[in-house]
Structures are given as structure tokens and as C-alpha cells.
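# Tertiary structure, described
The chain contents come next:
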Amino acid sequence: MNIILLIISFLFMEFIAWSNHKYVMHGFLWKWHKDHHINDKNSFTVDDLEFSGFEKNDLFFLIYALPAIILLLIGFKYNFYSFIFIGSGITLYGFTYFFVHDIIIHKRIKIRYFMNIRNRYLNALINAHLAHHRPKSSEDFKNFGLLLFPKRFFSE
Ligand SMILES: [Zn+2]
Ligand SMILES: [Zn+2]
């Protein structure tokens, strides 16, 4: 049961990330997300999409970490196991997002082994995220999620 809670929280976070990216980051908090898109115009390949240093965009990580930390603290203090599993699901999503988005796609930390991991799903995922950074159409730009994306990216 608790593992199911963890999985649901993880999947729910993809929804949160998608909606937050679409409505908040490209909405009223665009000023925090802008620097994540600053290189888009002069990038043509995955390797051109390099980022260095911190971005204001990273503030979103802190905001996401807070509810997870609070849930985990309360969970451990009062033995609320469901809180621990929900908090762990959110944390796991955070690590996954960082790993996939910041290391595999944007190569902010250069760990050659991880930078070169490729499989059908990851290739499609990278295509889908790059479509948001370098949209060929307004449909491309609308790809705000990370782990879930339209099937068409598998064929490109
Ligand atoms: Zn964006
Ligand atoms: Zn990105």
C-alpha cells in the first residue's frame, strides 16, 4: 500500500511539474524561468544547449523540496508512514528530474557515463524536451512535461 502511495506521488509530481511549467513558469513567474531559455535561439544541437552555473530557474527546486522535507520531518517524528512515502515519492521525482533534465539533457554536471546513456525512451524524451527549447511549431513548444510526452517524439 505504501509503495503505491510512493508511486502515485511520483506520477502526481509529473503532473505538477507539467502544470507548473505551463502555467507558472511560462506565466507569472516567467522572470525566474527565463534564464533557462536564454540560450535557446543560438542552439542547434543538443551539445549547444549548455548551461553553466546556477540559474534563477533553480529556485523552483527549492520550492518543490520544501513540501517533501516538511512531510518527511512530520512523518518521521510522528511515525506517519504515509507522509514518509509521499515525501519520498516527491523527493524521488526531484532527483529523477534533476538527473534527466539537468545531467542527461542539459549536461550541467559533466559525468560522461551518464551523458551518454541512450535508449529509445530517453532519445524520445530528449527530442521532446528539446522541442520545447527549440520549437519548430507551437505544438512543439507546448511540450511542458518531462517524463511523459506525445508519442510522435518516438519517431523523430
Ligand atoms: Zn520552459
Ligand atoms: Zn530544459
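It should be noted that the structure appears before, not after, this text.
Residues numbered from 1 in each chain as written. Chains lettered and ligands numbered in written order. Predicted model: local features only at pLDDT ≥ 70, side-chain atom pairs only at ≥ 80, totals over all residues. Heavy atoms only, no water.

## Overview of the coordination of the zinc ion (ligand 1)
Applicable threshold: Note: metal donors comprise N, O and S atoms at 2.8 Å or less from the metal (3.2 Å for Na, K and Ca); water molecules are not included, so apparent gaps in a site are possible. Secondary structure counts use DSSP, requiring at least four H or I residues in a row for a helix and at least two E residues in a row for a strand, with both numbered from the N terminus. Note on classification: 1.4 Å probe, protein chains only; a residue is buried when its accessible area is under 20% of the maximum for its type, exposed when over 50%, partly exposed between these limits.
The protein atoms that coordinate the zinc ion (ligand 1) are His-21 (NE2), His-26 (NE2), His-33 (NE2), His-37 (NE2) and His-132 (NE2), at distances spanning 2.1 to 2.2 Å. Of note, the donors binding the zinc ion (ligand 1) are all from one chain and are spaced H-x4-H-x6-H-x3-H-x94-H. Within this pair, whereas His-21 is found in helix α1 (residues 2-28), its partner His-132 is found in helix α6 (residues 120-133), the two being separated by 111 residues in sequence. Looking at His-21, the relative accessible area reads 5%, which means it is buried. Among the residues examined, His-132 registers a relative accessible area of 1% and is labelled buried.

## Points about the coordination of the zinc ion (ligand 2)
Protein coordination at the zinc ion (ligand 2) comes from His-36 (NE2), His-101 (NE2), His-106 (NE2), His-129 (NE2) and His-133 (NE2), with a distance range of 2.1 to 2.3 Å. In primary sequence terms, the donor set of the zinc ion (ligand 2) follows H-x64-H-x4-H-x22-H-x3-H. Assessed through its relative accessible area of 0%, His-106 is described here as buried.

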